[in-house]
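Here's the letter readout for the chains.
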Amino acid sequence: MTRALINVPAKAQRAEVIEIKTLISHPMETGYRRDNVGNPIPRNIISRFVCTYNGVEVFRADLFPAVAANPFLSFFTVATESGTIDFQWTDDHGNTQTASASIEVE
Amino acid sequence: MDDNPQDTAATRRKFLATVGSFISSFAAAPTATVRPATATPASMASAIREVVGEAPVRQGKVKLDVPPLVENGNAVSLTVSVESPMTESEHVKSIHIFNEKNPQSNVTTFYLGPRGGRARVSSRIRLADSQKVVAIARLSDDSFWSDSVDVMVTLAACLEDLR
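On a predicted model such as this, the values are computed, not experimentally measured, just so you know.

## Quick look at the overall build of chain A
And step 1. Helix and strand content of chain A: zero helices and eight strands.
And step 2. Moving toward the C terminus, one meets the helices and strands of chain A in the order β-β-β-β-β-β-β-β.
And step 3. A principal-axis box enclosing the C-alpha atoms of chain A has dimensions of 60 × 20 × 20 Å.
And step 4. Across chain A, contacts joining residues at least 24 apart in sequence account for 57% of those joining residues at least 6 apart.

Shown next, in the form of structure tokens:
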């Protein structure tokens, strides 16, 4: 499976706005390129990313082929309570990759 | 002033002809390279219409940060931020990024909400040519705000072949 890197602060104050950074290794093949013998390279794109905080969706993104390989996303959320933040990437074929991080809110 | 006006006229004609052929050789070049369906400013406008419908799109509130000159179009860092308190009653619903000249007009769409805390998102995108990148934000009152940046790209992405 591909590798995903996530960066979530381990601790935060209640109601603090925290930055979350995610990076997943994926070629994001556009489908517009050809290989060295001229055959088209099939499209392979992560088309959806969802971030949930204790089961509640806080951020979602639709990605198109214009997103660079190894999609990087950074966004913010409010640290409301201790718990887990889950990440899910879905590609064209319906394959998903998940990652999660726990956060402690004081 | 001029001793021989006919001579200068001839030189000017010759000069214009040379410049003309120079320009047309440039214009002919892109047709020689194989290009899949290419987005155009018109297709970007229609992609934008699909999102905003008939609603007016106003300038302001949105700040799109893309370097004006990029060497490698394969990974262009992009940050978009929107002025918004991000409360239950007033927040950013979504941010849509469009481009003019990639094969497709859509780049990404980010969906945010009151839980976002701060309306700022960063990513890395591909740009196939020097072009305009547009960000449109939809606020909770369903108004649309936009910002655009003209980007110069030296090495294009998307269309290169593996050799």
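There is more to say, and it comes next.
## Section: the interface of chain A and chain B
And step 1. On the side of chain B, 32 residues touch chain A, which itself brings 27 residues to the contact.
And step 2. Looking at the side of chain A that touches chain B, the elements that each hand over two or more residues are strand 5 (56–63) and strand 6 (72–78) of chain A.
And step 3. Residue classes in the side of chain A that touches chain B are distributed as 18 nonpolar, four polar and five charged.
And step 4. Bridge count between strand 6 of chain A and strand 7 (residues 120–125) of chain B: two bridges; the pairing is antiparallel. Looking across to strand 7 of chain B, one finds that A:Leu73 is bridged to B:Ser123.

## Thoughts on the environment of B:Glu100
And step 1. Along the chain, B:Glu100 turns up in the loop between strand 5 (92–99) and strand 6 (106–111).
And step 2. Note: C-alpha distance between B:Glu100 and B:Ala42 (58 residues apart in sequence) is 8.2 Å.

## Re the sheet that holds strand 4 (residues 76–82) of chain B
And step 1. Spatially, six strands are ordered 1(A)-3(A)-6(A)-7(B)-4(B)-2(B) in an open sheet, and the strand pairing comes out antiparallel. Sheet topology places strand 1 (4–7) of chain A together with strand 2 (62–65) of chain B at the edges, where each strand pairs with a single neighbour. Strand-to-strand twist of the sheet, defined as the mean angle between neighbouring strand axes without regard to direction, takes the value 15 degrees.
And step 2. Pairing of strand 4 of chain B with strand 7 of chain B involves six bridges; the strand directions are antiparallel. When the bridges of strand 7 of chain B are listed, B:Thr79 appears paired with B:Ser122.

## What about helix 2 (residues 41–52) of chain B?
And step 1. Taking 1.5 Å of rise per residue, the twelve residues of helix 2 of chain B would be expected to cover 16 Å, and the 16 Å separating its terminal C-alpha atoms lies within 8% of that figure.
And step 2. B:Gly53 sits one or two positions beyond helix 2 of chain B and adopts a positive phi of about 70 degrees.

## Some details on the confidence of the model for chain B
Residues and elements named next belong to chain B.
And step 1. Predicted confidence across chain B gives a mean pLDDT of 81, with 72% of residues reaching 70 or more.
And step 2. Counting interchain partners and residues more than four positions distant, the pLDDT-below-50 stretch residues 25–36 has three contacts.
And step 3. Predicted as a complex, the structure gets a pTM of 0.80 and an ipTM equal to 0.92.

## Description of the environment of A:Tyr32
And step 1. Inspection of the secondary structure assignment puts A:Tyr32 in the loop between strand 3 (17–24) and strand 4 (46–53).
And step 2. Expressed as a C-alpha distance, the spacing of A:Tyr32 and A:Ala99, which sit 67 residues apart in the sequence, is 30 Å.

## Here we look at the environment of B:Ser81
All names here are of chain B.
And step 1. Looking at where Ser81 falls in the secondary structure, it is placed in strand 4.
And step 2. Residue classification places Ser81 among the buried residues on the basis of 21 C-beta atoms within 10 Å.
And step 3. Separated by 18 residues in sequence, Ser81 and Asn99 place their C-alpha atoms 17 Å apart.
And step 4. Beyond its immediate stretch of four places on either side in the chain, Ser81 contacts Lys63, Ala119 and Arg120.

## Digging into the pairing of strand 2 of chain B
Residue and element names in this part refer to chain B.
And step 1. Side chains Val62 and Leu64 of strand 2 all project onto a buried face; the interleaved residues Lys63 and Asp65 project onto a face where none is buried.
And step 2. Two strands pair when backbone bridges link them, and strand 2 and strand 4 are joined in this way by four bridges, in the antiparallel orientation. Among the inter-strand pairings, Asp65 is bridged to a residue of strand 4, identified as Thr79.

Analysis parameters
- Residues numbered from 1 in each chain as written.
- Chains lettered and ligands numbered in written order.
- Predicted model: local features only at pLDDT ≥ 70, side-chain atom pairs only at ≥ 80, totals over all residues.
- Helix = DSSP H or I, 4+ residues; strand = E, 2+ residues; numbered from the N terminus.
- Contact = placed C-beta atoms within 7 Å.
- Nonpolar A, V, L, I, M, F, W, Y, C, P; charged D, E, K, R; others polar.
- Pairing = 2+ DSSP bridges.
- Axes fitted to C-alpha atoms, helices over the stretch in contact; angles between N-to-C directions.
- Expected span 1.5 Å × (residues − 1).
- pLDDT = per-residue confidence, 0-100.
- Buried ≥ 20, exposed ≤ 12 C-beta atoms within 10 Å, placed from the backbone.

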